[in-house]
Amino acid sequence: MTPTNDSKATVSVLYCNTIKMRTLTLAACLATATAAVHTAPFVPNEEMFRDWLAEGGETIYNPSSFPEVRLKVAKRIAQMASDTLKDQASMYNLMSWFGRGSGIDATTLAADLERLGESESLDGFVRVSKEVADSHYAALNRKQEEGAPYRPLGKNEYPYWNFIPSIPGAAKDGETFTFTNEGCKQNVVSAARNGSELVITFKGDDCSPIHSGDVYLLTTVKGVHFMKVGFLEKEHEIRWSMANLTQAEAYDITTKGVRVFAFPHDEVELVVNILATVNLFLQPEAGKYPDFPDEKVEKANVDFLTKYAQIQPPMVPRGPINESNPTNVDPDLIQTGDFIGVIRLDGLDPMLAWAMGSTTGHTTIAVRDATTNELFVCESTTNSSYWPTNGVQKTPYTTWIKQAEAAGYNAVWAPLDPAQRAKLNVTAMWEFFSTVEGLQYGYHTLLWGWIDTVADNYPCVAPDYKHCLQWGHVEVLFPLVSAVVPAVGELIFNEAWNFRLNTTGLNAPEMYMHAETVLNISSNTIPTIVERDEWMYHTTRYGKPVVGKSMVCCVFVCNMWKHGGLFGDTDFNCGEMTNLDDYDLDIFDKTKMNDGRPDVCKQKDPNNQNCQLVGPYTLNFNHYNEAPVYNHMAENCASWTPGVGPNYWGAGKQQGTC
């Protein structure tokens, strides 16, 4: 029997039509659905994480190296997602799903689907599927090379991060909640304590037989359980163990229950969206220095920024996109205190820009030697496949611009206003720099400068912006990260959150309980507490353990300005500043914008208000040079409105009140 050509044909029908291979009638097969009983949760740990990576041929040699962990986890997820699609039913559905949204003509699509349906073996099916997929990719690439706008392969133009789940409720002892989903329109979840177990009953009803099933993650701060509810799998009983819990873990499940995360879309679309997102970060030659971004990866990242961050004007090629296209600005024009903003189209910078509301993912500052007048670029960054030096560093400008070209940076120069520059004490700036040079990049504070509010800073997914990252995700994700990679948990949030609660050595569940039972504040307010510049973290300097400042790029730039006297006695914390908060300040030279730029800049980039130094794509600063300098600035600023979209520039910024 040839599988149905319906683009929404799902695992339920496809399983019966294809996998059972004519042994049952369709009606008899669909009638085999039974209730499922699950034992939960799965409790991840560090050893399991290492084994999971090893199964994909990956090994993390330095768990404290966030770039290494990030790259290898992304590669492993991409591998898993690809493997998931290699079963016959999913591959057939995938090809149909891809083809109907990719502009492939109907005759070609029908022929491809017929070839898939005639495959007699799984190996043959996978081989034909790959041939079909390759032909579709080739056709799409030809269209894009001919000038058609970039779009991801498949029917969904918004796949990036389009797997962030909603949180319809939590299973708590003695309580019931209901909600709707795509596959099953009516879902009822209830829970009752039975000895050392919380018995959760999950029932789906009004389930579509042509939907592969709704995918769920049930989770607490201790463990997780994945589950699918659909036409063949309507009823589930989950026996969630409450044995061997710490006091904080018991508090969590008793007061907050087992959270139910509902992933959007069916299995195939979900996996495709994960692949599209992971591939924003994966360079074909990642790990090989210097590592210029791949053209297709750059195009995907521009597509992501245009649709999700609503960057205007959109980034467009300023020359061959596989070249750095330097402007050759005279270095003598660049002076102490000038700002250089950067974005590299590698997944990470665009993700940070989307979250922060900026058009950059990295910031640097120009400083001249007080004695020799040599120009340096000072920054806080990390060594990687595209950058050779780690931590807080200074690089001669002539060296830095060559490295920026090799790295595929898009970099824009913003001259400081002469009156503002006159406030700077260059000696004081270098004195501060000497106390922090060599410190590790500020992973401890990476996320917390831009989380100012409980709900209005977490990014949302286009096009309707109704699916947003939430505190509910972070609340359970971070303890689980600590369980599998303790060094990353300590680096990213543990110490920062302990500072906020005036505690020492508590883990995430313990901090949640302490906040709510001792301090009488909700745990969701922990990230919103102001990052204090006086906080000193356990970090490294030139690779050796020290206690010192933890500064991401924009925080470092702010500190250089602040210690140089630019802000006078303004009372605020640089730890709260984001990329946008740096360059939206009204401190830059208006006479050097637009027509006031050097001729070489106007010729190279006629439509940029600033001077772009290098890069394959145009980079424009949003809300450049608009914000006042005020006490406690950037401490309570919203950046997103769920269900509406980006709100990077609210009244609080304009009035100097947030």
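Everything quoted here is computed from the prediction, not taken from an experiment.

Focus: the packing of aromatic side chains
- Taken as a whole and assessed by the stated rule, the structure comprises 45 aromatic pairs.
- When the centroid spacing of 5.4 Å and the interplanar angle of 55 degrees are considered together, the rings of Trp-448 and Trp-497 count as tilted. In this pair, Trp-448 sits in the loop between α14 (426–436) and α15 (471–484) while Trp-497 sits in helix α16 (residues 486–501), placing the two residues 49 residues apart along the sequence.
- A residue is classified by how much of its surface remains accessible, and Trp-497, at 0% relative accessible area, is buried.
- On the numbers, 5.2 Å between centres and 25 degrees between planes, the contact of Phe-588 with Tyr-624 is stacked. Of the two residues, Phe-588 sits in the loop between α19 (579–583) and α20 (599–604) while Tyr-624 sits in the loop between β17 (611–614) and β18 (640–641), which places them 36 residues apart along the sequence. Of the two residues, Phe-588 and Tyr-624, both sit in the buried class.
- An aromatic cluster of three or more residues is present, and its members are Tyr-158, Tyr-160, Trp-161, Phe-163, Phe-281, Phe-304, Tyr-308, Trp-354, Tyr-465 and Trp-640.
- Residue placement shows Lys-307 over the ring face of Tyr-158; its charged tip is 5.3 Å from the ring centre.

Here we look at the nonpolar core
- In this structure, Trp-161, Leu-305, Ile-365, Trp-497, Phe-556, Trp-561 and Phe-588 are the most contacted members of the largest nonpolar core, which totals 116 residues.
- One finds Phe-179, Cys-184, Ile-200 and Ala-262 within the second-largest nonpolar core, a separate group that totals 22 residues.

Details of α14
- Inspection of α14 places Ala-428, Met-429, Trp-430, Phe-432, Phe-433 and Val-436 among the buried residues, and these make up the whole buried set.
- In the stretch just after α14, Gly-438 is the one whose phi turns positive, near 90 degrees.

Regarding helix α8 (residues 247–256)
- Restricting attention to buried positions, one finds in α8 the residues Ala-248, Glu-249, Tyr-251, Asp-252, Ile-253 and Lys-256.
- Downstream of α8 by a residue or two, Gly-257 has a phi angle that is positive, lying close to 75 degrees.

So, the confidence of the model for the chain
- For the chain, per-residue confidence averages 85 on the pLDDT scale, and 82% of positions sit at 70 or higher.
- Long-range and interchain partners of residues 1–26, a stretch whose pLDDT sits below 50, account for 64 contacts in this model, where long-range means more than four residues apart.
- Scored below 50 in pLDDT, residues 97–103 makes 25 contacts in the model with residues more than four places away or belonging to other chains.

What about the state of the cysteines?
- Counted according to the given criterion, the structure contains five disulfides.
- A disulfide bridge connects Cys-558 with Cys-574, and the sulfur atoms are separated by 2.2 Å. Taking the torsion about the sulfur-sulfur bond, which here is approximately -70 degrees, the covalent link between Cys-558 and Cys-574 counts as left-handed. Placement of the pair is Cys-558 in helix α18 (residues 553–563) and Cys-574 in the loop between α18 and α19, with a sequence separation of 16 residues.
- Sulfur-sulfur distance for the disulfide between Cys-637 and Cys-658 comes to 1.9 Å. One quick way to see it: the torsion about the S-S bond of Cys-637 and Cys-658 is about 80 degrees, and its sign makes the bridge right-handed. Pair noted here: Cys-637 is in the loop between β17 and β18 and Cys-658 is in the segment after α21 (651–655), with a separation of 21 residues, a long-range link. Here Cys-637 matches Cys-658 in class, with each residue buried.
- Free cysteine: Cys-554, not disulfide-bonded; nearest cysteine sulfur from Cys-553 at 4.5 Å.

Cut-offs applied
Residues numbered from 1 in each chain as written. Predicted model: local features only at pLDDT ≥ 70, side-chain atom pairs only at ≥ 80, totals over all residues. Heavy atoms only, no water. Phe/Tyr/Trp six-rings, centres within 6.5 Å; stacked < 30°, edge-to-face > 60°. Helix = DSSP H or I, 4+ residues; strand = E, 2+ residues; numbered from the N terminus. Buried < 20%, exposed > 50% of the residue type's maximum accessible area, 1.4 Å probe, protein only. Lys NZ or Arg CZ within 6 Å of the ring centre and 35° of its normal. Core = buried A, V, L, I, M, F, W, Y, C linked by side-chain atoms within 4.5 Å. pLDDT = per-residue confidence, 0-100. Contact = heavy atoms within 4.5 Å. Disulfide = S-S within 2.5 Å.

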